[in-house]
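# Structural features, examined
Okay, here's what each chain looks like letter by letter:
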Amino acid sequence: MDEQHTHPAGPVSGGLDPRTELSEFLRTRRARLKPEDVGLPDFGRHRRVPGLRREELAQLAGVSVAYYTRLEQGNGRNVSAEVLDSIARALRLTDAERSHLTHLAKPKRQKRKPAARAQQVRAPLRHLLESMDAVPAYVVGRRSEILAWNRMAAAVFGDWGLLPAQERNWARLVFLNPDYRELFVEWEQKAYDMVAYLRMDAGLHPDDPQLSSLVGELSVKSEEFRRLWAAHDVKEKSHGVKRVRHPLVGELTLLWESFRPAGDDTGQSLVTYFAEPGSPSAEALRLLASWGADARQSGADATAP
């Protein structure tokens, strides 16, 4: 049978609506599963919806169809951790997706902070950045804001200190700045990652008006962002490989690691880049380090105002 996708009322003032986010997240996770993925028969032409039907998902999760339908319509009140775990298993969610589902279904009550309050980087963390003179590194905060960076990060990615404070934001750079489309060899993967990170942030802070404003701006200005945002994919920053086209030393293949300071609840991460020892990319980084300020200006002590 056809399904009606009922969406709750619009977002709370200045933020994203957690009920709508929960509804769309569950619907998109269900739509990506095929019956054969979970051992169910596929009746082909008789199937009018993508992926699993609600009743099939409810059966797999061991809950009633009415209960699951209420949850998918955004009503997560009083849902237990056990039920969420069963639904997560049925949907075959990743660890990041499980965490996101929990935040959407059972949001924490948080005191609203002043919207204009800047994110601050602790002095010891800025000093650490300054001491890493051979490793590109920066601190990224909520909403993908670039808060502080060292000389090598400026040499590789460009001097963010030359940009207006509002533009020191990875999502804006990736989707709205054509130089960064050229910088990343696998730009599409970088774009996907940025949206997935923002989705995780939205699950944690659905009442953040600045995040809502950023999403609105990018949705208006970038069709690619709209498409990726509608997919409701989520991802945690961890580690990986990035290839960049540098105007002075050519293509670099860099490994990156993301670290969350222990006991830190600000949402900030220290991201570092390095190359395989003895590789052409390692030699290119050495050259950039030796050129110093001539390569690009440093922004090690900069923080978002």
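As a starting point, this report considers the structure included with it. Within any chain, residue numbers begin from 1 and follow the written order of that chain's sequence. This being a predicted model, a pLDDT of at least 70 is required before a residue's local features are given, and a value of 80 or more before pairs of side-chain atoms are given or counted; all residues contribute to the totals for chains, interfaces and linings. Excluding hydrogens and water, the side-chain figures rest on all heavy atoms present in the structure.

## Structural notes on the sheet that holds strand β2 (residues 146-149)
As a reminder of what qualifies: When DSSP locates at least two bridges between a pair of strands, those strands are taken to pair. Starting at the N terminus, helices and strands are each numbered in turn, a helix being any DSSP run of H or I of at least four residues and a strand any DSSP run of E of at least two. Structural elements are reduced to axes, namely lines fitted to C-alpha atoms, with helices fitted over the stretch in contact, and the angle between N-to-C directions of any two is expressed from 0 to 180 degrees. Any two residues whose heavy atoms approach within 4.5 Å at even a single point are treated as in contact.
An order of β2-β1-β5-β4-β3 is seen for the 5 strands of this open sheet, with the pairing classed as antiparallel. On the outer flanks of this sheet lie β2 and β3 (239-246), each paired with one strand and no other. The average angle at which neighbouring strand axes cross in this sheet is 30°, direction not considered. Here strand β1 (residues 137-140) runs beside β2; their pairing, made up of 3 bridges, is antiparallel. From the neighbouring strand, Tyr138 faces β2, where its bridge partner is Trp149. Where helix α13 (residues 280-291) meets the sheet, it contacts β3, β4 (250-259) and β5 (269-274), and its direction lies at approximately 85° from that of β4.

## Remarks on the packing of aromatic side chains
Applied cut-off: By convention, a stacked pair of Phe, Tyr or Trp rings (six-membered ring in the case of Trp) has centres within 6.5 Å and planes under 30 degrees apart, an edge-to-face pair has planes over 60 apart, and any other such pair is tilted. In our convention, an over-ring charge means Lys NZ or Arg CZ found within 6 Å of a ring centre and within 35 degrees of that ring's normal.
Summed over the entire model, instances satisfying the criterion amount to 15 aromatic pairs. When the ring centre of Trp170 is taken as origin, the NZ or CZ atom of Lys190, which lies over that ring, is 4.3 Å away. Lying across the ring of Trp229, Arg199 places its NZ or CZ 3.7 Å from the centre.

## Let's talk about the packing of helix α2 (residues 54-61) against helix α3 (residues 65-72)
The relative placement of two packed helices is expressed as an angle between their axes plus a distance between the axes. Using the following cut-off: The scheme is simple: roughly parallel for angles under 35 degrees, roughly antiparallel for over 145, roughly perpendicular for 65 to 115, oblique for anything else. Helix crossings get a hand from a simple test, with the near helix turned counterclockwise from the far one by less than a right angle marking a left-handed crossing and a clockwise turn marking a right-handed one. Amino acids outside the nonpolar list (Ala, Val, Leu, Ile, Met, Phe, Trp, Tyr, Cys, Pro) and the charged list (Asp, Glu, Lys, Arg) are all regarded as polar, and Gly is one of them.
The contact between α2 and α3 brings their axes to 9 Å, and the two run at 110°. Considered as vectors, α2 and α3 are oriented roughly perpendicular to each other. Read as a crossing pair, α2 and α3 show a hand that is right-handed. Contacts between α2 and α3 involve Arg54, Glu55, Leu57 and Ala58 on the former and, on the latter, Val65, Tyr68, Thr69 and Glu72. Class assignment of the residues belonging to the contact of α2 with α3 gives a composition of 4 nonpolar, 1 polar and 3 charged.

## Looking at the environment of Leu214
Among the structural elements, Leu214 can be located in helix α11 (residues 209-221). Excluding its chain neighbours within four sequence positions, the residues that come into contact with Leu214 are Arg143, Asn169, Arg172 and Leu198.

## Some details on unusual backbone geometry
Rules: Accessible area is worked out with a 1.4 Å probe on protein chains only. A residue is then buried under 20% of its type maximum, exposed over 50%, and partly exposed in between.
Residue Ser144 is not a glycine yet carries a positive backbone phi of 65°. Position of Ser144 among the secondary structure elements: in the loop between β1 and β2. In this structure Ser144 comes out as buried when scored by relative accessible area, which is 7%. Look at His232: it is not a glycine, yet its phi comes out positive at around 60°. Take His232: its relative accessible area is 4%, and that puts it in the buried class.

## So, the environment of Leu71
Position of Leu71 relative to the elements: it lies in helix α3. Linking Leu71 and Arg19, residues 52 residues apart in sequence, is a C-alpha distance of 9.1 Å. Beyond its immediate stretch of four places on either side in the chain, Leu71 contacts Leu22, Leu26, Gly76 and Ile87.

## Notes on the nonpolar core
So the rule is basically this: Take the buried residues of types Ala, Val, Leu, Ile, Met, Phe, Trp, Tyr and Cys, join any two whose side-chain atoms come within 4.5 Å, and each joined set is a nonpolar core.
Of all hydrophobic cores here, the largest spans 43 residues; its most connected members are Tyr138, Phe157, Trp160, Trp170 and Phe175. With 7 residues, helix α10 (residues 187-204) is the single largest residue contributor to this core. With residues near it in sequence (within four places) discarded, Trp160 still touches Tyr138, Ile146, Trp149, Ala153, Arg168, Trp170, Leu173 and Tyr180. In terms of nonpolar packing, the next biggest core, distinct from the first, is built from 27 residues, Leu22, Val38, Leu84 and Leu101 among them.

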